[in-house]
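If you want the building blocks of each chain, they are given just below.
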Amino acid sequence: MHIRFTKMQGAGNDFVVLDATRQPLTLQREQLQRLGDRRFGVGADQILVVEPSAKPDVDFRYRIYNGATGEEVEHCGNGARCFVRYVREQGLTDKEVIRVETVNRLLELRQAPDGRVTVNMGEPAFAPADLPFNPLALSPIPKNGMDVWPLPLPDGRMAEVVLVSMGNPHAVMRVADVLLAPVAELGPIVESHAQFPRRVNVGFMQVLARDQIALRVYERDAGETLACGTGACAAVVAGIRLGWLDAAVEVQTRGGQLRIEWAGPGQPVMMTGPAQTVYQGEIEL
């Protein structure tokens, strides 16, 4: 089958976007992996499939698939921004504020005149069951009303992580220098740690000032990516809860800058950042 696609990126996190609003689109796992393959396909961190919504108060539904495994995943902040640019550029809507449902969230998205997109990412969750995380015999360290979990590593070291769910699971740790952080070494160990039965995204955060952090994220099934929107939200939320950060923070990722705002418990996290179309094409699957 021949399929039309749009290649997009948000702060270096790249996507293949497919239009299923006019007719259903069913792809097998192998076809999704082919799309995501950087040598034999288009290449992308994730694949976004835009669908019509069955709810009258929701504009669209979209599904998110990991580009490496073809498995459906829960949430993607950078993908949500690209989604907004896509549906407006393709003439699927002219609304400035768009409501869209994912597999487990209802998002409200807004495109600004400068082309950046603001996404209401919903409220963060912190309970171990929300990720999920199995505490087993571990004892958290309370800091400023937030639990920090000492995670035992195979070599006997401990990694102190903060648990945050943004609709997908994140383990955030603070590092002195994000450029020197052992992302390639420690990322896969924490990602597949026995305490995380569905694995976890691992954030390495350096606090530069109360309104600025640098961040690297090792994502599930993808390795380190140039940016992770939900990872930026999780890191800022963790920093605010621990008393390190103010309510509005600029996040420096390897692929670009994001702005994260959170007023505190009970409030949604707001993320603003870039989204761009790279090219359009057609591929035979």
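Here goes a summary of the coordinates provided. Being a predicted model, the structure only gives us computed values, none of them experimental. (Residues numbered from 1 in each chain as written. Predicted model: local features only at pLDDT ≥ 70, side-chain atom pairs only at ≥ 80, totals over all residues. Heavy atoms only, no water.)

**Notes on helix α1 (residues 29-36)**
And then number 1: Listed in full, the buried residues belonging to α1 are Gln31, Leu32, Leu35 and Gly36. With its buried residues spanning 140° around the axis, α1 presents them on a single face.
And then number 2: Buried residues in α1 make contact with β2 (13-19), β3 (46-52), β4 (60-66) and β19 (276-284). (Buried < 20%, exposed > 50% of the residue type's maximum accessible area, 1.4 Å probe, protein only. Helix = DSSP H or I, 4+ residues; strand = E, 2+ residues; numbered from the N terminus. Arc of directions from axis to C-beta. Contact = heavy atoms within 4.5 Å.)

**Points about the pairing of β4**
Consecutive side chains of a regular strand alternate in pointing toward one face of the sheet and then the other.
And then number 1: Burial runs high along β4: five of the seven residues are buried.
And then number 2: The sheet contact formed by β3 and β4 spans seven bridges and is antiparallel. Of the residues in β4, the one forming a bridge with Glu51 is Arg61.
And then number 3: As defined by bridge partners, β4 adjoins strand β6 (residues 97-101) across two bridges and the pair is classed as parallel. Bridge pairing in β6 places Phe60 opposite Val100.
And then number 4: With two bridges connecting them, β4 and strand β5 (residues 72-73) associate as antiparallel partners. (Pairing = 2+ DSSP bridges.)

**Some remarks on the side chain of His193**
And then number 1: By secondary structure assignment, the location of His193 is in the loop between α3 (183-191) and β13 (201-209).
And then number 2: We classify His193 as buried; its relative accessible area is 11%.
And then number 3: Within the structure, His193 has its side chain in polar contact with the backbone oxygen of Pro152 (distance 2.7 Å).
And then number 4: What His193 contacts, discounting residues up to four positions off in sequence, is Leu151 and Pro152. (Polar contact = N/O pair within 3.5 Å; in protein donor to acceptor, adjacent residues only side chain to side chain.)

**Some details on the state of the cysteines**
And then number 1: One pass over the full model with this rule turns up zero disulfides.
And then number 2: The closest cysteine sulfur to the non-disulfide-bonded Cys76 is located on Cys228, 6.8 Å from its own sulfur.
And then number 3: What makes Cys76 buried here is its relative accessible area of 5%. (Disulfide = S-S within 2.5 Å.)

**Concerning empty space enclosed by the protein**
And then number 1: Under the counting rule described, the total for this entry stands at two cavities of 30 Å³ or more.
And then number 2: Approximately 150 Å³ is the volume attributed to the largest cavity.
And then number 3: Counting only elements with at least two residues in the lining of the largest cavity, the list comes to α2 (77-89) and α4 (229-241).
And then number 4: A per-class count over the lining of the largest cavity returns five nonpolar, ten polar and three charged.
And then number 5: The space that makes up the second largest cavity amounts to roughly 40 Å³.
And then number 6: Lining the second largest cavity are Leu215, Arg216, Val217, Thr225, Leu226, Ala227, Cys228 and Thr253.
And then number 7: No other element matches the three residues that strand β14 (residues 212-219) contributes to the lining of the second largest cavity.
And then number 8: When grouped by side-chain class, the residues that make up the lining of the second largest cavity number five nonpolar, two polar and one charged. (1 Å grid on protein atoms, 1.4 Å probe; cavity = no way out; pocket = protein on both sides within 12 Å on 5 of 7 lines; lining within 4 Å. Points joined across faces, edges and corners; volume = space filled by probe spheres on them. Nonpolar A, V, L, I, M, F, W, Y, C, P; charged D, E, K, R; others polar.)

**Here's the deal with α2**
And then number 1: Taking 1.5 Å of rise per residue, the 13 residues of α2 would be expected to cover 18 Å, and the 19 Å separating its terminal C-alpha atoms lies within 8% of that figure.
And then number 2: Counting buried positions along α2 gives eleven out of 13 residues, so the element sits mostly inside the fold.
And then number 3: For α2, the complete set of buried residues consists of Gly77, Asn78, Gly79, Ala80, Arg81, Cys82, Phe83, Val84, Arg85, Tyr86 and Val87.
And then number 4: Of the residues one or two after α2, Gly91 is the one with positive phi, at around 75°. (Expected span 1.5 Å × (residues − 1).)

**Some thoughts on the layout of surface pockets**
And then number 1: Volume-wise, the largest pocket comes out at about 320 Å³.
And then number 2: Around the largest pocket, the lining is made up of 17 residues, and of these Ile3, Arg4, Leu18, Asp19 and Ala20 lie nearest the centre.
And then number 3: Mapped onto the lining of the largest pocket, the elements with two or more residues apiece are β1 (2-10) and β2.
And then number 4: For the lining of the largest pocket, the element with the most residues is β1, which contributes five residues.
And then number 5: Class assignment for the residues of the lining of the largest pocket results in nine nonpolar, five polar and three charged.
And then number 6: Taken as a whole, the second largest pocket holds about 190 Å³ of empty space.
And then number 7: Around the second largest pocket sit 14 residues that line it, and Leu25, Thr26, Val49, Glu51 and Arg63 are the ones nearest its centre.
And then number 8: Counting residues per element, the lining of the second largest pocket draws most heavily on β3, at three residues.

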